[in-house]
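# Close look at the chain arrangement
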Amino acid sequence: MIGLYVQQDTLRAVDITKKSRNYVLKSVSEHPVHLPMPDRLRALDSEDEYEYFLQNLSTSLSALFSGRGFASKDLAVAVDIRNVFIHTVPFDGDFTPDNVRHLIEWELNHFFPDIPNNAFLFDTYNPGYNPAKDISPKFIYTAVLRSYIRLLQHGINKTGKKLLSINVDQFTLEPLLKLSVSEKKRERLNAVFYRYNEILFCSLLWNHRLVRYREYMIDEINTPEKQIVMFLSSLTGARKNIDQYIYYYPFDESIIEETEKNTGWKFDRFKSFDKLKITRRAKRNFPESMEVQEGFAPAVSVALKN
């Protein structure tokens, strides 16, 4: 299975197979690309603009998969969270498809009055019951523009690969985090934070399942440390004998001491390749620094998930 992580300026890919009880990394690669800026959601209505991005994507994907290790035909994609609109809305108990669709369409019309509802594709996450005694009558939905998804589908089809799924990078990390856990029987809370410029994207996973999401602005007063504390302080209920870990990307050592002191949580890092057997071929392009390896976490995770 090929896991592909798509960002505006970089493509990262891995090819992973399962042999017996082990996962084997057959190939790993990254390549620059030029795709729409993820600073705001807009449809790719111009045919010339669409063709420009498609040509760029196709060329970059061909270069990315030129290594002999990328033999798998099936492919799963993780997209940059900045290309996605995410919102948490009240849950009234009627979780039928029609009810959910009408609610999300009403929301999207409110937030994006200039974009037709049918321009979006959406998915939902129902947090349900949180064993930390935080019962939340809400659900989370993600919405991506059809034109952006069509661009990815079209570009991937040109490579001869079969696209199986598309997920949000931060919401698809459960398989990787679950694989890295040594003590499987322990209850676990993972707080994942992605920082891009002045926005902190925050999600909470209970036993590797998404249960909460928020976004915070970062500035001189509202530092990452303060916003992390605010996000975690909203949790209620007793959490004895529960492992509580923070994952922060890009990793920032300067915020660890204060954050751990004020929250009682411990920092960890995305160990993207630690539990994988790496072939000789994959070692040729294997990223040496931990910082670069962490950037492959979504690609590894979608490959494991599928």
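Here the structure is a predicted model, which means the values were calculated and not measured. (Residues numbered from 1 in each chain as written. Predicted model: local features only at pLDDT ≥ 70, side-chain atom pairs only at ≥ 80, totals over all residues. Heavy atoms only, no water.)

### Overview of the overall build of the chain
- The number of helices and strands found in the chain is nine helices and 16 strands.
- A compact globule built from 306 residues should have a C-alpha radius of gyration of about 19 Å, and the chain, at 20 Å, falls within 12% of that.
- Taking the principal axes of the C-alpha coordinates as reference, the chain spans close to 50 × 50 × 40 Å.
- Among the 306 residues that make up the chain, the fraction classed as buried is 50%.
- The long-range share in the chain, meaning contacts at least 24 apart out of those at least 6 apart in sequence, stands at 67%.
- Split by element, the accessible area of the chain, about 15,300 Å² in all, is 48% carbon and sulfur.
- Across the chain, the centroid of the 41 positively charged side chains sits 11 Å from that of the 39 negatively charged ones. (Helix = DSSP H or I, 4+ residues; strand = E, 2+ residues; numbered from the N terminus. Rg over C-alpha atoms; globule rule 2.2 N^0.38 Å. Buried < 20%, exposed > 50% of the residue type's maximum accessible area, 1.4 Å probe, protein only. Contact = heavy atoms within 4.5 Å. Areas by Shrake-Rupley, 256 points an atom, 1.4 Å probe, with all protein chains shown as cover. Lys, Arg positive; Asp, Glu negative; His and termini not counted. Charge placed at Lys NZ, Arg CZ, Asp CG, Glu CD.)

### What to know about the sheet that holds strand β10 (residues 162–168)
- The strand order across the open sheet formed by six strands is β10-β4-β1-β2-β3-β16, and the pairing between neighbours is mixed. Either end of the sheet is taken by a strand with one partner, and the two such strands are β10 and β16 (276–278). The average angle at which neighbouring strand axes cross in this sheet is 30°, direction not considered.
- Sheet topology note: the strand β4 (residues 74–79)/β10 ladder contains six bridges and is parallel. Within the sheet, the bridge partner assigned to A78 lies in β10 and is N167.
- Packing against the sheet, helix α3 (residues 146–157) makes contact with β1 (2–6), β4 and β10, and its axis sits at approximately 150° to β4.
- Packed onto the sheet, helix α9 (residues 297–305) meets β1, β2 (10–19), β3 (22–32), β4, β10 and β16 and runs at close to 140° relative to β1. (Pairing = 2+ DSSP bridges. Axes fitted to C-alpha atoms, helices over the stretch in contact; angles between N-to-C directions.)

### Topic: the pairing of strand β12 (residues 199–206)
- Burial runs high along β12: seven of the eight residues are buried.
- Relative to β12, strand β11 (residues 187–196) runs antiparallel, the two sharing eight bridges. The partner of Y194 across the bridge, within β12, is F201.
- Linking β11 back to β12 in an antiparallel pair, the connection comprises two residues, with N197 at a positive phi of about 55°.
- As defined by bridge partners, β12 adjoins strand β13 (residues 209–217) across eight bridges and the pair is classed as antiparallel. Each bridged residue has a counterpart across the sheet, and for I199 the counterpart in β13 is M217.

### A closer look at the sheet that holds strand β6 (residues 120–125)
- Across the sheet, which stays open at both edges, the three strands sit in the order β5-β9-β6 with antiparallel pairing between neighbours. Every other strand in the sheet has two partners, leaving β5 (85–90) and β6 as the edge strands with one partner each. Averaged over all neighbouring strand pairs, the angle between strand axes comes to 25°, with direction disregarded.
- Pairing of β5 with strand β9 (residues 138–145) involves six bridges; the strand directions are antiparallel. Pairing of H87 across the sheet is with Y141, part of β9.
- Helix α2 (residues 97–111) contacts β5, β6 and β9 of the sheet and is inclined by roughly 60° relative to β9.
- Sitting on the sheet, α3 is in contact with β6 and β9, with an inclination near 65° to β9.

### A few points about the nonpolar core
- Formed by 63 residues in total, the largest nonpolar core has its most connected members in L4, V14, Y194, F270 and V300.
- In contact with Y194, other than residues within four places in its own chain, are Y5, D169, Q170, L173, I199, L200, F201, Y249, F270 and P298.
- Among the nonpolar cores identified, the runner-up in size contains 21 residues, and A191, L200, V211 and I228 belong to it. (Core = buried A, V, L, I, M, F, W, Y, C linked by side-chain atoms within 4.5 Å.)

### Quick look at the pairing of β3
- Sheet analysis places β2 next to β3, joined by 10 bridges and oriented antiparallel. The residue bridging L11 from the neighbouring strand is H31, located in β3.
- Between the end of β2 and the start of β3, which pair antiparallel, lie two residues, with S20 showing a positive phi angle near 60°.

### Points about the side chain of N190
- Tracing the backbone through its elements, the reader meets N190 in strand β11.
- On the basis of relative accessible area, N190 is assigned to the buried category, the value being 0%.
- Contact partners of N190, with chain neighbours within four places excluded, come to L177, S203, L204, L205, H208, Y245, Y247 and W265.

### Side note on the environment of L164
- Within the fold, L164 resides in strand β10.
- Aside from chain neighbours lying at most four places away, what touches L164 is M1, D74, L75 and N306.

### Some thoughts on the confidence of the model for the chain
- In the predicted model, the chain carries a mean pLDDT of 89, and the fraction of residues at 70 or more is 92%.
- Here strand β7 (residues 129–130) stands out as the least confident element of the chain, with mean pLDDT 48; β1 is the most confident, with 98. (pLDDT = per-residue confidence, 0-100.)

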